Amino acid sequence: MEKSEIIKIIDQVNDYRFKRMRRDNLKRHYDRDVAGGYRATAENRKRLLEEAQKNLDAIEAEALDLVQDMRQRQALHPRDQQVKLICLYIDLLDMDPMKMEKHRQKINSLRPKVLGTVDEMEQIRQQKSLFD
């Protein structure tokens, strides 16, 4: 895989993770507002929740297919560092926040070997966006 492909996959996984977190956060606050009797706030939050769910639904099927594909690749090629890096990002999807720090250290130690420095990654992202 090229570096630009790896970065694109990682960005897709992160986008999916952030949209899930937003939806879950809005749901939690909506439930709290309803339980507390804050109708106006709950109605606003419900609209935001519906919008967040639409955004998530738009990318969820593709993201789940990507996750499944990467897990299969990792099973077939367990020593492939590129796939391992992507799977480390995928592991963050369902990870307890208290365990993320150690996991992020693994990502931070593997990322320079696979993709180079953060500046190099940003340069690849900018080059890719010029030709899209």
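Residues numbered from 1 in each chain as written. Predicted model: local features only at pLDDT ≥ 70, side-chain atom pairs only at ≥ 80, totals over all residues. Heavy atoms only, no water.

Enquirer: An account of the pattern of salt bridges is needed here, citing residue identities and associated values.
Expert: Following the criterion strictly, the structure yields seven salt bridges and no others. The partner of Arg-23 in a salt bridge is Asp-24, with the nearest N and O atoms 2.8 Å apart. The exposure class assigned to Asp-24 is partly exposed, which follows from its relative accessible area of 34%. Note that Arg-73 is salt-bridged to Asp-69, the shortest N-O span being 3.6 Å. (Salt bridge = Lys/Arg side-chain N within 4 Å of Asp/Glu carboxyl O. Buried < 20%, exposed > 50% of the residue type's maximum accessible area, 1.4 Å probe, protein only.)

Enquirer: So, the side chain of Arg-23: which residues are in play, and what are the values?
Expert: Along the chain, Arg-23 falls in helix 1 (residues 3–36). Arg-23 gets classed as buried once you look at its relative accessible area, which sits at 19%. Setting aside anything within four residues of it in sequence, one finds Arg-23 in contact with Leu-49, Ala-52, Gln-53 and Leu-56. (Helix = DSSP H or I, 4+ residues; strand = E, 2+ residues; numbered from the N terminus. Contact = heavy atoms within 4.5 Å.)

Enquirer: For helix 2 (residues 39–76), give the residues involved together with the corresponding values.
Expert: In an α-helix, one full turn covers 3.6 residues, which means residues spaced three or four apart are oriented alike. Over its 38 residues, helix 2 runs 52 Å from end to end, which matches the ideal 56 Å to within 8%, given 1.5 Å per residue. Taken as a whole, helix 2 carries its principal kink of about 45 degrees at Glu-60. Taken residue by residue, helix 2 has Ala-42, Leu-49, Ala-52, Leu-56, Ala-63, Leu-66, Val-67 and Met-70 as its buried positions. (Expected span 1.5 Å × (residues − 1). Bend = angle between axes of the 7 residues up to and from the residue.)

Enquirer: Outline the side chain of Arg-20, supporting the account with residue identities and numerical values.
Expert: Mapped onto the secondary structure, Arg-20 falls in helix 1. For Arg-20, the side chain forms a polar contact with the main-chain oxygen of Leu-93, separated by 3.1 Å. For Arg-20, the contacting residues outside a window of four places in its chain are Leu-56, Leu-93 and Asp-94. (Polar contact = N/O pair within 3.5 Å; in protein donor to acceptor, adjacent residues only side chain to side chain.)

Enquirer: An account of the confidence of the model for the chain is requested, with residue identities and associated values reported.
Expert: Of the residues in the chain, 96% reach a pLDDT of 70 or more, and the chain-wide mean stands at 90. Helix 2 holds the highest mean pLDDT among the elements of the chain, 95, whereas helix 5 (residues 118–131) holds the lowest, 70. (pLDDT = per-residue confidence, 0-100.)

Enquirer: Which residues make up the nonpolar core, and what values go with them?
Expert: In this structure, Leu-85 and Leu-115 are the most contacted members of the largest nonpolar core, which totals 28 residues. Secondary-structure elements contributing two or more residues to this core are helix 1, helix 2, helix 3 (81–91), helix 4 (100–115) and helix 5. The contact partners of Leu-85, leaving out residues within four places of it in the chain, are Ile-10, Ile-107, Leu-110, Arg-111, Val-114 and Leu-115. The next biggest cluster of nonpolar side chains, apart from the first, holds five residues, and it includes Leu-26, Ala-42, Leu-49 and Ala-52. (Core = buried A, V, L, I, M, F, W, Y, C linked by side-chain atoms within 4.5 Å.)

Enquirer: Tell me about the packing of helix 2 against helix 3, residues and numbers included.
Expert: One can describe the packing of helix 2 onto helix 3 by two numbers: an axis separation of 9 Å at closest approach and a directional angle of 135 degrees. Regarding the angle of helix 2 to helix 3, the classification is oblique. The element helix 2 and its partner helix 3 pack so that their crossing is left-handed. The segment helix 2 lies against helix 3, with Val-67, Met-70, Arg-71, Arg-73 and Gln-74 engaging Val-83, Lys-84, Ile-86, Cys-87, Ile-90 and Asp-91. The class makeup of the residues in the contact of helix 2 with helix 3 is six nonpolar, one polar and four charged. (Axes fitted to C-alpha atoms, helices over the stretch in contact; angles between N-to-C directions. Parallel < 35°, antiparallel > 145°, perpendicular 65-115°, else oblique. Left-handed = near helix turned anticlockwise from the far one by under 90°. Nonpolar A, V, L, I, M, F, W, Y, C, P; charged D, E, K, R; others polar.)

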